[in-house]
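# An overview of the molecular structure
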Amino acid sequence: MGMRYERRWETRREAGRSAAEQARESYYGVPVVHKPHWKWSIVLYFFLGGISGASYVIATLARLAGGPQLHSVTRAGRYLSFLTVIPAPLLLIYDLGRPERFHHMLRVLKLRSPMSLGAWGLVAFSLFSGLSALIQAGQDGLLGRWSQQRLRALPDRLIGLLGSGPAFFLSGYTGVLLAATAVPLWTKNFLLLGPLFLASSLSNATSALLLLLTLARQVSAEISDRLEGLERLALLVELALLLGLRANSGPVIRRPLDEGSTGAVFRGVLGAGVLAPLLLQTLARGHHGWGAQALRVLAAVLVLVGGFLVRCVLLFAGHRSADDPQATFELTRGR
Amino acid sequence: MVSASVSSGDPSVGTTGARPGALGFLTDTTLCIGCKACEVACKQWNQLPMDDFGFTGYSYDNTGDLGATTWRHVAFIERVSDREGRRPTRLKAFQSNWLMMSDVCKHCVYAGCLEACPTGAIVRTEFDTVVIQQDICNGCGYCVPACPFGVPALSLTDGKAHKCTLCYDRLKDGLEPACAKACPTDSIQFGPVEQLMERAKRRVADLRQQGVTEAYIYGDRAVGGTGGIEGLNAFFILTAPPEVYNLPARPELPQRKVLPAFLSTALAALGLGLAALFSLWRR
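Residues numbered from 1 in each chain as written. Chains lettered and ligands numbered in written order. Predicted model: local features only at pLDDT ≥ 70, side-chain atom pairs only at ≥ 80, totals over all residues.

Below, the discussion takes up the nonpolar core. Judged by nonpolar contacts, the single largest core of 189 residues is most densely connected at Ile58(A), Leu209(A), Cys38(B), Cys113(B), Cys143(B), Cys147(B) and Cys179(B). In terms of residues, this core owes the most to one element, helix H9 (residues 190-215) of chain A, which gives 16 residues. Built from parts of two domains, this core gets at least three residues from each of domain 1 (2-252) and domain 2 (256-283) of chain B. Look past the residues within four positions of Leu209(A) in its chain and what remains in contact with it is Ser55(A), Ile58(A), Val73(A), Ala76(A), Gly77(A), Leu80(A) and Leu227(A). (Core = buried A, V, L, I, M, F, W, Y, C linked by C-beta atoms within 7 Å. Buried ≥ 20, exposed ≤ 12 C-beta atoms within 10 Å, placed from the backbone. Helix = DSSP H or I, 4+ residues; strand = E, 2+ residues; numbered from the N terminus. Domains from an automatic or database assignment. Contact = placed C-beta atoms within 7 Å.)

Turning our attention to the interface of chain B and chain A. On the chain A side, the residues contacting the 72 residues of chain B number 77 residues. Contributing elements (two or more residues each) for the side of chain B that touches chain A: strand S2 (72-78), helix H3 (112-116), helix H4 (143-146), strand S6 (153-154) and helix H8 (258-280) of chain B. Of the residues forming the side of chain B that touches chain A, the biggest block, 15 residues, is contributed by H8(B). Partitioning the side of chain B that touches chain A into residue classes produces 37 nonpolar, 23 polar and twelve charged. (Nonpolar A, V, L, I, M, F, W, Y, C, P; charged D, E, K, R; others polar.)

Looking now at the domain arrangement of chain B. When its domains are assigned, chain B resolves into domain 1 (2-252) and domain 2 (256-283). In this structure, domain 1 of chain B and domain 2 of chain B have C-alpha centres spaced 43 Å apart.

Our focus in this paragraph is unusual backbone geometry. The phi angle of most residues is negative, glycine excepted, and most peptide bonds adopt the trans form. Residues and elements named next belong to chain B. Look at Cys-167: it is not a glycine, yet its phi comes out positive at around 45°. Following the sequence through the fold, Cys-167 ends up in the loop between strand S7 (161-162) and helix H5 (168-172). The residue Asn-246 is not glycine, and still its phi comes out positive at about 65°. As for its placement among the helices and strands, Asn-246 is situated in the loop between strand S10 (234-238) and H8. With 24 C-beta atoms packed within 10 Å, Asn-246 lands in the buried category.

Residue and element names in this part refer to chain A. Relative orientation of the contacting elements helix H7 (residues 156-179) and H9 amounts to 150°, with a least axis distance of 7 Å. Overall, the two elements H7 and H9 adopt an arrangement that is roughly antiparallel. Judged by the twist between their axes, the crossing of H7 over H9 is right-handed. Between H7, through Ser-171, Gly-172, Thr-174, Gly-175, Val-176, Leu-178 and Ala-179, and H9, the contact on the second element is made entirely by Phe-190, Leu-193, Gly-194, Leu-196, Phe-197, Leu-198 and Ser-201. Residue composition of the contact of H7 with H9, by class: eight nonpolar, six polar and no charged. (Axes fitted to C-alpha atoms, helices over the stretch in contact; angles between N-to-C directions. Parallel < 35°, antiparallel > 145°, perpendicular 65-115°, else oblique. Left-handed = near helix turned anticlockwise from the far one by under 90°.)

Residue and element names in this part refer to chain B. In terms of residue burial, strand S1 (residues 23-28) counts as a mostly covered element, since six of its six residues are buried. Judged by which residues are buried, S1 turns out to be covered on both faces: Leu-23, Phe-25 and Thr-27 on one side and Gly-24, Leu-26 and Asp-28 on the other are all buried. Where S1 lies against strand S8 (residues 188-192), five bridges are found, and the strand directions are antiparallel. Bridge pairing in S8 places Phe-25 opposite Phe-190. As judged from the four bridges shared by S1 and S10, these two strands associate in the parallel manner. Residue pairing in the sheet places Leu-26 in a bridge with Phe-235 of S10. (Pairing = 2+ DSSP bridges.)

Put into structure tokens, the structure is as follows:
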């Protein structure tokens, strides 16, 4: 193995500023806290895990209360939940410094460590997601007769209800995981991140289901009306939480949300990922022609892209706020 | 703010929640001459690979920061001018306007890295120090942002998290840590935290008597060991605000946020779940 040396300081100096200038405000601009190494694989995990949990909840609620018109929503939700939870552990293991030691996550259970809870929560939810997908496959006649009879005997509504706890957990705990760190942007917004991840997961899962059902030509006016009502609500909550997060951060800590590439993507998410889908939906409401259908598909795609990018922004803006000593001092002077 | 809390008779000044028999460091920055013997002794004893050669331009500090292969870091602060750009007209006692501090893992009484670790690799030892077990760590990296002082880091070489062990192997053999052994001025002192804290209080009183009115302890319950951390087993005597040394004045144990954050998330789950039920309800 070739030896690689740490050389971190060269990237830290802000362009056009001398060491003496930076020394006046902090220790030469050197970060007070270390940022995590998490990159795209964690963003993708946040995205897929969120969809998996939320689509499981939607499938369960559609089964419990949706009536026969929403059978296709239940079916699509169960399959989507299972398909999106499969890559989740692989992405997490890929991100580890020592992937071959992934099973060390299951040595202990620590209630004050969101990552420990998350590892166990992922295991628990995977079992529910897999079982519900299996039941659905049985109902759809994809399995052998013997196993289909066994699966039909299982209480699928009760299983769905029990699995909805871990499903909500998987969609939301990632916000708590970020909040329980010394990263200024995350810990400052500790009450908002979990709800934000939940609302975004719900809007993403709804969009993914609408998209899947549209592609499979199984979307009725009934289905699209009800799912869109849910999506509109989730998007409005997400919008409120994103604006609240920016306001709550204060002028110093929110700098990565306003400036540079993360700031541009943050504004893009607000505009194209939240406001634009809301507008497109309003235009399409009540219409079920070819044009309205196209608007719905476009809105769903925008919501999904926005859902991925909002997690990118939260992660990488967090990195930048960890690198900013003034953001840390803003937090640690005050309390 | 710091001097105010020291002079106001704050009862948390000079106290820590250190467990009985805890061992730690007192790093008295008024005695530091910036020789970096601690950095070298640490690297040698712990067989840490060198850092890349390079000039930072940060005074005599070419180490930069604590990291996976740097467990002692001597900071050099040239107080050429204050925030407003005013230059000092007279030199103060001890280190004049050139501050030096040997930074190290604080071995917190309640440690963020330890509580964050999902594998149980980070443990509290019989000496009340915090150590990362290298045969357990799987390099998840959660301890890295969970430290309010920016101490642990993932190694580029072996992918695992590393930080100061307070020379656990030497303590086992009744030896003092390598950095404290090497320090030529006794700026780094090793011993039971209880005794070190008494010594620090006497030293601060002495310094103030000699005209260094800014001297204070960093790492008690008043400054540095705040917000549920309950004190640092490796603490410091400083003569300028903590931020000057790149230290947070009032850090917080990040895990304090876990319960309230989960409660707000559960509340949101309840609200969104009911909203979803209402949206999907058979009409």
